[in-house]
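# Structural features, examined
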Amino acid sequence: LNGLPRLIFVSDMGDAFSRKQDFEFLRSEMAAFQTPEGQRHLWLWLTKRPDVKRQFVDSIGGFPANVCAMTTVTSAKTLSRVDSLREVNAAVRGLSLEPLWEPLADKIDLTGIDWVIVGGESGAKANVEMFPVEWAIELRDRCREEGVAFFLKQLGRRPSRNGKEFKLRHQHGGDWSEWTRGLRVREMPEYFYSYANQIVQA
């Protein structure tokens, strides 16, 4: 992580914005983000409901500077979440395109987005769709054109190239030593580094 603060995923295995009734509880929990210890870290807050997140964030006057607002997009059917995320009052925003179920490089609008995480699907092989690495390459190139940080997390259980599935030793395709060099891209947003510098100088 090149000296970055610790990155803490919030709701990576759930969704804190599934009920508006929880807003009061979430406000109290956010106090931990702004303690002297909490400000040393970057908090990555993921949701499938960015429209509800926007309402929560508006109720607190905007996310603190050390919170990255994120949403999950898996197909064209969920692209509207990107528009909702852009409305969230946050200094930095990211997308988790994992698992990616179809090519999105020519459909997704990256305006106002700082970070794109991409990954294939994990799980029992019989229940998992193939993940063409071409989809990741197209998104990598699109991110480069738009100046967006690109992070390829894993190739999933069933990666493929040129329509042919190939096998990797790592069960979820997360060991990049098995990947071709062009796929080994795990970038962080420039904002993360500028925030880290502020913390060091404070």
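Residues numbered from 1 in each chain as written. Predicted model: local features only at pLDDT ≥ 70, side-chain atom pairs only at ≥ 80, totals over all residues. Heavy atoms only, no water.

### A word on the overall build of the protein
Selection rule: Under the DSSP-based scheme used, a helix requires at least four consecutive residues in state H or I and a strand at least two consecutive residues in state E, with every element numbered from the N terminus. Here the globule rule is a power law, 2.2 Å times the number of residues to the power 0.38, and the radius of gyration is based on C-alpha atoms. Only protein chains enter the area calculation, which uses a 1.4 Å probe; residues under 20% of their type maximum are buried, those over 50% are exposed, and those in between are partly exposed. Here, residues are in contact when the closest pair of their heavy atoms is within 4.5 Å.
The helix and strand tally for the protein stands at 5 helices and 9 strands. Starting at the N terminus, the α and β elements of the protein follow one another as β-α-β-α-β-α-β-β-β-α-β-β-β-α. Its C-alpha atoms give the protein a radius of gyration of 17 Å, near enough to 17 Å, the size a compact globule of 202 residues would have. Overall, the C-alpha framework of the protein stretches about 50 × 40 × 30 Å when taken along its three principal axes. Looking at the 202 residues of the protein, the share that counts as buried comes to 49%. Once local pairs closer than 6 in sequence are excluded, the contacts in the protein between residues at least 24 apart make up 67%.

### Some remarks on the pairing of strand S5 (residues 115–119)
What counts here: Pairing between two strands requires that DSSP report at least two bridges joining them.
Counting buried residues in S5 gives 5 out of 5 residues, a clear majority hidden from the surface. Neither face of S5 is left uncovered, since the one carrying Trp115, Ile117 and Gly119 and the one carrying Val116 and Val118 both have all their residues buried. In terms of strand pairing, strand S4 (residues 92–97) meets S5 through 4 bridges, oriented parallel. Bridging from a neighbouring strand, Leu95 pairs with Val116 of S5. Pairing between S5 and strand S7 (residues 149–154): 5 bridges, direction parallel. For Val118, the partnering residue across the bridge sits in S7 and is Leu152.

### Here's the deal with the sheet that holds strand S8 (residues 159–161)
If you walk across this open sheet you meet the 3 strands as S6-S8-S9, and the pairing is mixed. A single partner strand is all that each edge strand has here, and the edge strands are strand S6 (131–132) and strand S9 (164–165). Note that S6 and S8 share 2 bridges and pair parallel. Each bridged residue has a counterpart across the sheet, and for Pro132 the counterpart in S8 is Ser160.

### Some points on the sheet that holds strand S1 (residues 7–10)
We apply this condition: As a rule, the C-alpha atoms of each element are fitted with a line to give its axis, helices using only the stretch in contact, and angles between N-to-C directions run from 0 to 180 degrees.
The 6 strands lie next to each other as S1-S2-S3-S4-S5-S7, forming an open sheet whose pairing is parallel. Edge positions in the sheet fall to S1 and S7, since each has one partner strand and no second. The sheet shows a mean angle of 25° between the axes of neighbouring strands, direction not considered. Together, S4, S5 and S7 form the strand contacts of helix H4 (residues 133–146), whose direction differs from that of S7 by roughly 160°.

### A closer look at the nonpolar core
Defined as follows: Remark: nonpolar core denotes a set of buried residues (Ala, Val, Leu, Ile, Met, Phe, Trp, Tyr, Cys) joined through side-chain atoms within 4.5 Å.
Formed by 45 residues in total, the largest nonpolar core has its most connected members in Trp45, Phe56, Phe63, Leu95, Leu97, Val116 and Val118. With 5 residues, H4 is the single largest residue contributor to this core. Ignoring any residue separated from it by four or fewer positions in sequence, one finds Val118 in contact with Leu97, Leu100, Phe131, Ala136, Leu139, Phe150, Phe151, Leu152, Lys153 and Gln154. Leu42, Leu46, Ile117 and Phe192 belong to the second largest nonpolar core, which has 15 residues in total.

### Re the packing of aromatic side chains
Let me state the cut-off plainly: Stacked, tilted and edge-to-face are the three classes applied to pairs of Phe, Tyr and Trp rings, where Trp contributes its six-membered ring and a pair requires centres within 6.5 Å; stacked means planes under 30 degrees apart, edge-to-face means over 60, and tilted covers the rest.
For the structure shown, the criterion picks out 10 aromatic pairs. Taking 5.5 Å as the distance between ring centres and 55° as the angle between the ring planes, the aromatic pair formed by Phe17 and Phe56 counts as tilted. Taken together, the positions of Phe17 in the loop between S1 and helix H1 (23–29) and Phe56 in helix H2 (residues 50–59) put the pair 39 residues apart, joining distant regions of the chain. As far as the burial class goes, Phe17 and Phe56 line up, both buried. Look at Phe33 and Trp43: their rings are 4.2 Å apart centre to centre, the planes differ by 20°, and that puts the pair in the stacked class. A residue pair is termed long-range when its members are at least 10 positions apart, and Phe33 in the loop between H1 and strand S2 (42–47) and Trp43 in strand S2 qualify at 10 residues. Summarising the burial analysis for this pair, Phe33 and Trp43 share the class buried. Ring pairs connect the aromatic residues Phe17, Phe23, Phe33, Trp43, Trp45, Phe56 and Phe63, which therefore count as one cluster.

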